[in-house]
Amino acid sequence: MKAITRIGVKGLLAAVLFSSTVLAVEKKPLFLKEGVWRGVFTVNEANVPFNFELKGKDPEHVVFTLINGHRRDDFKVKRIADDSLFIKMNTYDAALFAKIETDGRITGEYRSLVPNFRGNALPFVAEAGKKYRFVEPGKDLKPAYDLSGKWELQIYSKEPTPNRIGLLKQEGNKLTGVIMSVVGDSRELEGTVQGDQFELSGFTGPSPIYIKGKINDDQSFTGELSLGIYNNVKFDGNKNAEAELPDPYKLTYLKEGYNKLDFTLPNLNGQPVSLSDAKYKGKVVIVEIIGTWCPNCTDQTAFLAPWFKKNKARGVEAIAIGFEQKDDLEYARYTLGKLKDKYGIEYDILFGGIADKKVASEKLPALNRMMAFPTTIIIDRKGDVRQIHTGYTGEVTGQYFKSYVEKWNKDLDALIEEPAPQDVASAH
């Protein structure tokens, strides 16, 4: 009887081990449905929707594309378990950590990857096949007003805050647009108008943006703008075709008595670099003050990197000075190295220190103040600062971007045509 029992136990164990082996062999990565998805972040108890597309049935070659109006941003998907995904936000040191549920949904969190950073994670859930942003098809309410046009936004904050400008376009219920400030733009936002209420959201890699508002009887509006978790401000909006931001070429300037910029900072290999180095003598030099955490900075880099590649043989150099989220060269080598690889940067990248305007002002003492990332400084062949531009407005701003590019090319062409000091000396 005992022998039979022992045989029974052994047989049972063998059966369990066999079935476990079969299950292990048969277990496959959960399927990711191709097509458009709708995700929803939970931010301060508000639901902030975003849309994305998944392409590629091979789990190792799936492309995750964030959709915001006409803008598309692609990211690589890494499967870290049969039911788990890791989506790095390209040059931003943050990622989506996602789990594929058995019902096909994706759940997870948006988290910062900055070492020792204690920022809150943003939970989200996403469903396949849902192309709408805020309101399901067939449930729209007739818009009370058309918000298309230029809007002057008065911001209410604890600290004095310059007004912003909204450029909005409405087609039926669908609302798209961009918010511009002295430091840059929000990138393209997408949303809806329902009766006398409107909502906009944007998620391109950095923390999501959410705007909600109410249209008043006089066709002004009031609202609230949320950038991530902590940065929430209220605003009033009035349509004003003549509204303009302060001149970006006059906000940052050299202190009295200065006509040159001077700094010595390490490149990504730790070697000191200065404007007095032979490499920059007699050349037009573009100094770009950036941070990989800053979306306007990466947009500016996406513009500058190909421009420099095309024009570098004309006697022009460029330097990017990165101020990062950790005051550590090794960390900056990683983050700024990612930026260099993504945009094919062929100019020097230096590390300025921690991402702080006060620190940047101390590292560049000739400036009246460091007001925004990015800030672009253009230096002529004699080493004199000829132009400083605060912030950056991208393609979504339409005519503002076109005017910037036209002025950029005109001004750089003129400076490049100026003779170098040694050419002047040889002429005499």
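Residues numbered from 1 in each chain as written. Predicted model: local features only at pLDDT ≥ 70, side-chain atom pairs only at ≥ 80, totals over all residues. Heavy atoms only, no water.

If you look the protein up in an unreviewed UniProt entry, it shows as Peroxiredoxin from Chitinophaga filiformis. Here is the UniProt Subcellular location (unreviewed entry) comment for the protein, exactly as written: "Cell envelope". (UniProt positions renumbered as here; feature names shortened; annotations may be inferred.)

Bringing the overall build of the protein into the picture now. When its secondary structure is counted, the protein shows 6 helices and 25 strands. In terms of principal-axis extent, the alpha carbons of the protein reach across some 115 × 60 × 35 Å. When contacts within the protein are restricted to residue pairs at least 6 apart in sequence, long-range pairs at least 24 apart make up 57% of them. In the structure as shown, the protein presents an accessible area of about 22,000 Å², 52% of it carried by carbon and sulfur atoms. (Helix = DSSP H or I, 4+ residues; strand = E, 2+ residues; numbered from the N terminus. Contact = heavy atoms within 4.5 Å. Areas by Shrake-Rupley, 256 points an atom, 1.4 Å probe, with all protein chains shown as cover.)

A separate point is helix α2 (residues 295-311). Relative to the 24 Å expected for 17 residues at 1.5 Å per residue, α2 spans 24 Å between its end C-alpha atoms, a close match to the ideal helical length. Counting buried positions along α2 yields 12 of 17 residues, so the element is predominantly enclosed. (Expected span 1.5 Å × (residues − 1). Buried < 20%, exposed > 50% of the residue type's maximum accessible area, 1.4 Å probe, protein only.)

Let us look at the sheet that holds strand β25 (residues 385-390). Pairing within the open sheet is mixed, and its 5 strands lie in the order β23-β22-β21-β24-β25. Each of the sheet's edge strands pairs with one partner strand only, and the pair in question is β23 (348-354) and β25. Sheet twist, expressed as the mean angle between neighbouring strand axes with direction ignored, is 15°. For strand β21 (residues 284-290) and strand β24 (residues 375-379), the ladder comprises 5 bridges, and the chain directions are antiparallel. Of the residues in β24, the one forming a bridge with Glu288 is Thr376. (Pairing = 2+ DSSP bridges. Axes fitted to C-alpha atoms, helices over the stretch in contact; angles between N-to-C directions.)

Turning to the domain arrangement of the protein, a few remarks are in order. Assigned domains within the protein: domain 1 (35-128), domain 2 (149-239) and domain 3 (264-422). Taken over C-alpha atoms, the centre of domain 1 sits 31 Å from the centre of domain 3. Each side of the interface is counted separately: domain 1 has 8 residues, and domain 3 has 15 residues. For the pairing of domain 1 and domain 3, the buried interface totals around 900 Å² over both sides, and the portion due to carbon and sulfur atoms is 53%. Linking domain 1 to domain 3 there are 1 salt bridge. The salt bridge partner of Arg71 is Asp299, with a shortest N-O separation of 3.5 Å. Summed over the shared surface of domain 1 and domain 3, the result is 3 residue pairs in polar contact (both at pLDDT 80 or more). Split into classes, the residues belonging to the side of domain 1 that touches domain 3 amount to 3 nonpolar, 2 polar and 3 charged. (Domains from an automatic or database assignment. Buried area = accessible area lost by both parts, 1.4 Å probe. Salt bridge = Lys/Arg side-chain N within 4 Å of Asp/Glu carboxyl O. Polar contact = N/O pair within 3.5 Å; in protein donor to acceptor, adjacent residues only side chain to side chain. Nonpolar A, V, L, I, M, F, W, Y, C, P; charged D, E, K, R; others polar.)

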